[in-house]
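Listed below are the residues making up each chain.
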Protein chains: 2
Amino acid sequence: MIAFISQYISLTEEEKEIIKGQNLIRFYPKGRILLSEGDLSQDCYFVLKGCVRSYYLVDGEERSTEFYTENQGITPVSYLRKEASEYYLDCLEDSYLALGSEERNKNLMEAVPKLSAMLLQMSNDTLIENQLLFDDFKKLKPEMRYLKLMETRPELFRRVPLNHIATYLGITPVSLSRMRKRISDKA
Amino acid sequence: MIAFISQYISLTEEEKEIIKGQNLIRFYPKGRILLSEGDLSQDCYFVLKGCVRSYYLVDGEERSTEFYTENQGITPVSYLRKEASEYYLDCLEDSYLALGSEERNKNLMEAVPKLSAMLLQMSNDTLIENQLLFDDFKKLKPEMRYLKLMETRPELFRRVPLNHIATYLGITPVSLSRMRKRISDKA
């Protein structure tokens with residue numbers, strides 16, 4: 001976590017100790033549900049190791065919307081808006097997550113004020129990433145979306161079951177298998 | 001603009017005068033292109049009145065990705081990343097926009113420091129909005145996306161040509177007309 005923060009801002013030894021002293025890191029086993037539809041989320045997360053998925057239940061079917069892996073922050077809409085969550089978060093792997101809460105973040109920000117500049121930077125970075133992903137989703141056909149995901153996040157194909165990747169790409173698992181076969185036949 | 005900022009933070013009369021004194025507001029006629037693919041964007045915008053569209057050119061076809069209307073900020077990826085833009089911005093209506101640039105924003109932030117808290121809040125708000133829109137795009141079928149847009153931004157159907165709305169929804173203009181006919185026949 002210190003290494004990650006240090007990408008954005010430089011920390012003094014004292015500040016590093018304050019952050020370490022917060023004891024924010026928790027272990028969650030594979031399969032653990034962190035947030036359910038209808039829950040009010042009190043926590044936000046930062047993935048140190050592992051993989052967390054967000055998904056909606058639509059007519060009884062899971063539609064995956066994101067896979068969060070190392071060095072990604074997870075800020076549930078429910079946490080920010082203080083409303084019941086519309087989606088789920090579950091661990092696809094054994095995961096080590098750093099936990100944040102409004103109170104904790106406030107205390108940490110007071111102890112290490114320059115963290116707030118980092119948060120603005122992170123928020124902007126995430127905003128750009130999401131805008132570009134969304135743009136791709138709107139402008140690319142499913143096969144191009146698949147190829148782009150293979151290019152940008154190849155490790156997901158080892159870590160995430162293909163049926164989750166299919167709903168994430170907005171296609172059926174059958175279409176995804178066909179697409180993969182067609183592309184590997186070509187290669 | 002003052003009214004918009006006042007939703008987030010309370011401004012003293014003096015601070016209001018500083019902001020007004022910046023003379024940030026510009027008029028752009030309908031059809032004006034604010035940003036082209038390949039350009040380096042030096043400006044970000046805030047829509048006071050009018051409608052600005054973002055779109056990509058994909059194989060010679062325009063794919064609309066957003067329609068920015070009153071009280072929405074436009075922060076081009078090119079502006080944030082200092083890279084050539086991959087997309088276009090054009091005015092679909094005569095528009096009054098407040099202009100920002102790195103230098104201007106920095107000066108304004110120094111003159112009215114509490115604006116930075118507002119920017120973090122706005123950035124978070126936009127992040128949530130975008131996440132929810134993107135989630136909808138992934139979890140809803142085109143017809144539901146259309147109905148949702150009708151519900152959340154009905155004015156777009158008066159202000160934006162239907163062929164732009166179709167590409168925004170990820171469908172062809174022909175599918176959109178059919179969908180609209182089917183739904184109005186039902187009603």
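Everything that follows concerns the structure shown earlier in this document.
Being a predicted model, the structure only gives us computed values, none of them experimental. (Residues numbered from 1 in each chain as written. Chains lettered and ligands numbered in written order. Predicted model: local features only at pLDDT ≥ 70, side-chain atom pairs only at ≥ 80, totals over all residues. Heavy atoms only, no water.)

A. Up close: the relation of the copies chain A and chain B. When chain A is fitted to chain B, the residual RMSD is 0.0 Å, and the transformation amounts to a turn of 180° plus an axial shift of 0.0 Å. Within this description, the copies of the chain are treated as partners about a two-fold rotation axis. Of the residues that chain A buries at the interface, 97% are likewise interface residues in chain B, meaning the two copies contact each other through the same surface. (Least-squares fit on C-alpha atoms with pLDDT ≥ 70 in both. Contact = heavy atoms within 4.5 Å.)

B. Looking closely at the pairing of strand 3 (residues 44-49) of chain A. Residues and elements named next belong to chain A. Both strand 3 and strand 8 (residues 95-100) contribute to a ladder of 5 bridges, which runs antiparallel. When the sheet's bridge partners are listed, Y45 is paired in strand 8 with L99. Two elements, strand 3 and strand 6 (residues 73-74), share 2 bridges in a ladder whose sense is antiparallel. Across the sheet, the residue bridging to F46 is G73, located in strand 6. (Pairing = 2+ DSSP bridges. Helix = DSSP H or I, 4+ residues; strand = E, 2+ residues; numbered from the N terminus.)

C. Quick peek at the interface of chain A and chain B. At the interface, 31 residues of chain A touch 30 residues of chain B. Each partner contributes to the roughly 3,100 Å² buried at the junction of chain A and chain B, and carbon and sulfur atoms together form 62% of this total. The largest contributions to the chain A side of the interface with chain B come from F134, K138 and K139 of chain A, which together make up 22% of the buried area. Scanning the region where chain A abuts chain B turns up 2 salt bridges. A salt bridge links R81 of chain A to E129 of chain B; the shortest N-O distance between them is 3.1 Å. Where chain A packs against chain B, one counts 10 residue pairs in polar contact (both at pLDDT 80 or more). Looking at the side of chain A that touches chain B, the elements that each hand over two or more residues are strand 4 (52-58), strand 5 (61-68), helix 3 (77-81) and helix 5 (115-139) of chain A. The element that contributes the greatest number of residues to the side of chain A that touches chain B is helix 5 of chain A, accounting for 17 residues. Partitioned by chemical class, the residues of the side of chain A that touches chain B number 15 nonpolar, 8 polar and 8 charged. (Buried area = accessible area lost by both parts, 1.4 Å probe. Salt bridge = Lys/Arg side-chain N within 4 Å of Asp/Glu carboxyl O. Polar contact = N/O pair within 3.5 Å; in protein donor to acceptor, adjacent residues only side chain to side chain. Nonpolar A, V, L, I, M, F, W, Y, C, P; charged D, E, K, R; others polar.)

D. How the structure looks around the packing of helix 8 (residues 162-169) of chain A against helix 9 (residues 173-186) of chain A. Residue and element names in this part refer to chain A. Relative orientation of the contacting elements helix 8 and helix 9 amounts to 100°, with a least axis distance of 8 Å. As the angle between them shows, helix 8 and helix 9 are arranged roughly perpendicular. Two secondary-structure elements touch here, helix 8 through L162, N163, I165, A166 and L169 and helix 9 through P173, L176 and R180. A breakdown of the residues in the contact of helix 8 with helix 9 according to their chemical character gives 6 nonpolar, 1 polar and 1 charged. (Axes fitted to C-alpha atoms, helices over the stretch in contact; angles between N-to-C directions. Parallel < 35°, antiparallel > 145°, perpendicular 65-115°, else oblique.)

E. Summary view of the sheet that holds strand 5 of chain A. Taken in spatial order, the 4 strands of this open sheet run 2-7-4-5 (chain A), and their pairing is antiparallel. Taken across any chain shown, the strands that pair with only one partner, and hence form the sheet edges, are strand 2 (33-35) and strand 5 of chain A. Shown here is a sheet whose adjacent strand axes are inclined to one another by a mean of 30°, direction ignored. Here strand 4 of chain A runs beside strand 5 of chain A; their pairing, made up of 7 bridges, is antiparallel. Pairing of L57 of chain A across the sheet is with E62 of chain A, part of strand 5 of chain A. Sheet contacts for helix 5 (residues 115-139) of chain B: strand 4 and strand 5 of chain A; angle to strand 5 of chain A, the most-contacted strand, approximately 135°.

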